[in-house]
Amino acid sequence: MKRIVATSTARPEKLGALNIVRALPNSQTSGVGPIIFLDHISETKLVAGQMPPPNGSFAHPHKGIATFSYLLKGEVVHFDSNGGHGTVKAGGVQWMNAGNGIVHDEGMPKSLREQGGDFHAFQFWVNLPAKNKAEAPGYMPLQAEDLPVIPLDGDVGTLKVLLGEFAGRTSPIPAFTDQFIWHINLKPGASLSLPTTDGNEYGGYLPEGRAVISQTEVAAREFFAFGSDDSGIVIHNPTSDAIDVMIFGGEPYREPVVSHGPFVMNTEDEIHQAYADFRAGKYGTIDYHGQSV
């Protein structure tokens, strides 16, 4: 089986009402395949009136990546300068291809802001190939029912295909390389053997609980990366509760990577140009008028 060769545990940091765990990048790992960023917004009970409406105060640019948000609990509303707008509920995902430049804003819908409730989410950044960094932006929201959920052999749990493919089932989210994000829910005491593809990179994250992954003990809020030798990943749940495990990665990113703030490009000159274009207003502005917030 593949062995874990790097681990990192992060502490939650407060951002307004939310607790954010920066799982990737970390001191051990800069990326897994094209996945270069993972924030875990740990489960929070929001109080009525605690969150402001999307009004531009959180709006910010991106270029050269696709952002990928996955909601376990709560709802999120999205606006962007390319005209993208949508609300994603628990179990759904939203994908935004920043392409050659975009400004976006995210927040809670009116019902969650006014009534309060639970919120729990993940956000990934997927590094785009150089040719796709020059393309026009795009946005796609999907609800829980739009994503494949595969019962695992032996009735040990389920695997939800958020990005990429597993066992012949494919996520509707566009993928420009061989890339994947899987959400595994494993029953108490159960074990799972995952096949792997030669040449791909594999990593994962355990948001809560405990697990034994390829014979290594993994704790809550711990990121782990696998070595390139051997094949297959074995996940065991030693606890009396079901656990969630995120497994992600894909084809190695072989182009140069230069990142600064919200921009991920291939050269320093491209980073400078990304900032210049944003300051010149070339990414456009968000039109909130007439949209449900």
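Quick caveat: nothing in here was measured; it's all calculated off a predicted structure. (Residues numbered from 1 in each chain as written. Predicted model: local features only at pLDDT ≥ 70, side-chain atom pairs only at ≥ 80, totals over all residues. Heavy atoms only, no water.)

Draft legend 1. Expanded view of the sheet that holds strand E21 (residues 216-219). With antiparallel pairing, 4 strands are arranged side by side in an open sheet as E18-E23-E20-E21. Because the sheet does not close on itself, it has two edges, and the strands there are strand E18 (191-194) and E21. Ignoring strand direction, the axes of neighbouring strands in this sheet form an average angle of 25 degrees. Relative to E21, strand E20 (residues 210-213) runs antiparallel, the two being bridged by 4 bridges. The residue of E21 that forms the bridge with Ile213 is Thr216. (Pairing = 2+ DSSP bridges. Helix = DSSP H or I, 4+ residues; strand = E, 2+ residues; numbered from the N terminus. Axes fitted to C-alpha atoms, helices over the stretch in contact; angles between N-to-C directions.)

Draft legend 2. Region of interest: the layout of surface pockets. Considered as a void within the structure, the largest pocket measures approximately 750 Å³ in volume. Considering the residues around the largest pocket, the lining is formed by 33 residues, among which Leu15, Leu18, Ile20, Phe58 and Glu106 are closest to the centre. Going through the elements one at a time, strand E3 (18-24), strand E4 (35-46), strand E5 (60-62), strand E6 (65-73), strand E10 (102-107) and strand E11 (117-127) are the ones with two or more residues in the lining of the largest pocket. Of the residues forming the lining of the largest pocket, the biggest block, 5 residues, is contributed by E11. A class-by-class count of the residues in the lining of the largest pocket yields 18 nonpolar, 11 polar and 4 charged. Estimated volume of the second largest pocket: approximately 260 Å³. In this structure, the second largest pocket is lined by 17 residues; those nearest its centre are Ser30, Gly31, Ile36, Asn127 and Val257. Every element with two or more residues in the lining of the second largest pocket is listed here: E4, E11 and strand E25 (258-260). Top contributing element to the lining of the second largest pocket by residue count: E25, with 3 residues. Tallied by class, the residues present in the lining of the second largest pocket amount to 9 nonpolar, 7 polar and 1 charged. (1 Å grid on protein atoms, 1.4 Å probe; cavity = no way out; pocket = protein on both sides within 12 Å on 5 of 7 lines; lining within 4 Å. Points joined across faces, edges and corners; volume = space filled by probe spheres on them. Nonpolar A, V, L, I, M, F, W, Y, C, P; charged D, E, K, R; others polar.)

Draft legend 3. Fine view of the pattern of salt bridges. Inspection of the entire model under this criterion finds 6 salt bridges. With its nearest N and O atoms 3.0 Å apart, the salt bridge here joins Asp155 to Lys187. Placement of the pair is Asp155 in the loop between strand E13 (149-151) and strand E14 (157-163) and Lys187 in the loop between strand E17 (179-186) and E18, with a sequence separation of 32 residues. In this structure, Lys282 engages Asp277 in a salt bridge whose closest nitrogen and oxygen atoms are separated by 3.7 Å. For Lys282, a relative accessible area of 62% puts it in the exposed group. Counted as one network, the salt bridges with shared partners bring together Lys63, Asp277 and Lys282. (Salt bridge = Lys/Arg side-chain N within 4 Å of Asp/Glu carboxyl O. Buried < 20%, exposed > 50% of the residue type's maximum accessible area, 1.4 Å probe, protein only.)

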